[in-house]
Amino acid sequence: MRESQFSPIGVFDSGVGGLTVLRELYRQLPQESILYFADTARLPYGTRSKGEIIEFVREILTWMSERQVKMVIMACNTSSALALEEVRAEFKDLPILGVILPGAKTAVQKGKRIGVISTPATAKSNAYKQAIQEIDPTAQVWQIPCPEFVPLIEANRIFDPYTTQVAREYLQPLLAENIDTLVYGCTHYRHLSPVLRRLLPSSVRLVDPAAAVVRSAEKELELLGLKNPETPLPTNFAVSGDPNTFARLSRQWLGFSPTVEKVYLPVPVL
Ligand SMILES: N[C@@H](CCC(=O)O)C(=O)O
């Protein structure tokens, strides 16, 4: 069997960050079946080199292709910033969507003084600044690397006072610049919204690229005639690390305890 309308959409991240995109899929495209992969054995991605990220993404896409996904959403800014172009050129028959462009498009609709919080790799890549200023050259962009956020979220320490302290430090230079818009430039960070919201003036608009990438996915599926006309299958969850840890952590965001499969990458191309 080859991929068809009935095939799942592949969604991946290094960990639980991509669940913010998965929730948007449930909201906007509830009829689609999903294959969710978290590369928890190799997390965090945000401090890795471009070469490593490209290699990891290549392995994930190879595995997802074997599972006959009809489309892949990179629910990971670091992968979108560092590997999207390369893997699109390699996996020509597979529609692959990244989160940066949808995020940038939303940000320019919201403001002119835009702060982007992200992993160090995404900040260093300048991907957001370039994407935003290509659409609106008059927009000003400040990119702040936040290396401590992903380990804190994966350790379930969101409501730890230490996390608030770290967040205050990361936001300080953006507040000094009087930003009017803040982009969650890492899919994990949406999980921090209760903490971040309290530290920001209410006038600052928050942009989550998840909503926009799912809107793009819907358009693309329509265009390709690949929308699922049937009832979806239950989401398949897979991780490269410990399935129980992932199941326990993700429950609070999913509202159910997922059954999680362990997979071993790399998988050779058949
Ligand atoms: N979810 C992350 C990857 C985080 C990490 O593993 O550093 C992102 O959007 O960039």
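Residues numbered from 1 in each chain as written. Predicted model: local features only at pLDDT ≥ 70, side-chain atom pairs only at ≥ 80, totals over all residues. Heavy atoms only, no water.

To continue, consider a positive patch on the surface. Side chains of Lys105, Lys110, Arg205, Arg215 and Lys219 sit close together on the surface and give a patch of like positive charge. Taken together, the elements giving at least two residues each to the positive patch come down to α4 (100-110) and α10 (209-224). Mapped onto the fold, Arg205 is located in strand β8 (residues 205-207). (Patch = residues over 30% accessible without salt bridge, like charges linked within 9 Å, V, L, I, M, F, W, Y side chains within 5 Å. Areas by Shrake-Rupley, 256 points an atom, 1.4 Å probe, with all protein chains shown as cover. Salt bridge = Lys/Arg side-chain N within 4 Å of Asp/Glu carboxyl O. Lys, Arg positive; Asp, Glu negative; His and termini not counted. Charge placed at Lys NZ, Arg CZ, Asp CG, Glu CD. Helix = DSSP H or I, 4+ residues; strand = E, 2+ residues; numbered from the N terminus.)

Here the focus is the sheet that holds strand β4 (residues 96-97). If you trace the six strands from one edge of the open sheet to the other, you get β4-β3-β1-β2-β9-β10, paired in parallel fashion. Of all strands in the sheet, those bounded by a partner on one side alone are β4 and β10 (260-262). Pairing geometry for strand β2 (residues 34-38) and strand β9 (residues 236-239), over four bridges, is parallel. When the sheet's bridge partners are listed, Ala38 is paired in β9 with Val239. (Pairing = 2+ DSSP bridges.)

Below, the discussion takes up the site of the ligand. The immediate surroundings of the ligand are formed by 13 residues, with Asp13, Ser14, Tyr45, Asn77 and Thr78 found nearest. Note that an oxygen atom of the ligand is positioned 2.7 Å from one of the backbone N or O atoms of Asn77. Across the complex, the protein chains shield 99% of the 300 Å² of accessible surface that the ligand would expose by itself. In the shell around the ligand, the residues fall into five nonpolar, seven polar and one charged. (Near = heavy atom within 4 Å. Polar contact = N/O pair within 3.5 Å; in protein donor to acceptor, adjacent residues only side chain to side chain. Nonpolar A, V, L, I, M, F, W, Y, C, P; charged D, E, K, R; others polar.)

With that settled, consider the nonpolar core. Counting residues in each nonpolar core, the largest one holds 54 residues, and the members touching the most others are Leu19, Leu25, Ile117, Phe149, Tyr189 and Phe246. Once you skip the residues sitting within four places of it in the chain, Tyr189 turns out to touch Ile117, Ser118, Thr119, Cys146, Phe149, Val150, Ile153, Tyr184 and Leu196. Leu35, Val69, Leu82 and Phe91 belong to the second largest nonpolar core, which has 42 residues in total. (Core = buried A, V, L, I, M, F, W, Y, C linked by side-chain atoms within 4.5 Å. Buried < 20%, exposed > 50% of the residue type's maximum accessible area, 1.4 Å probe, protein only. Contact = heavy atoms within 4.5 Å.)

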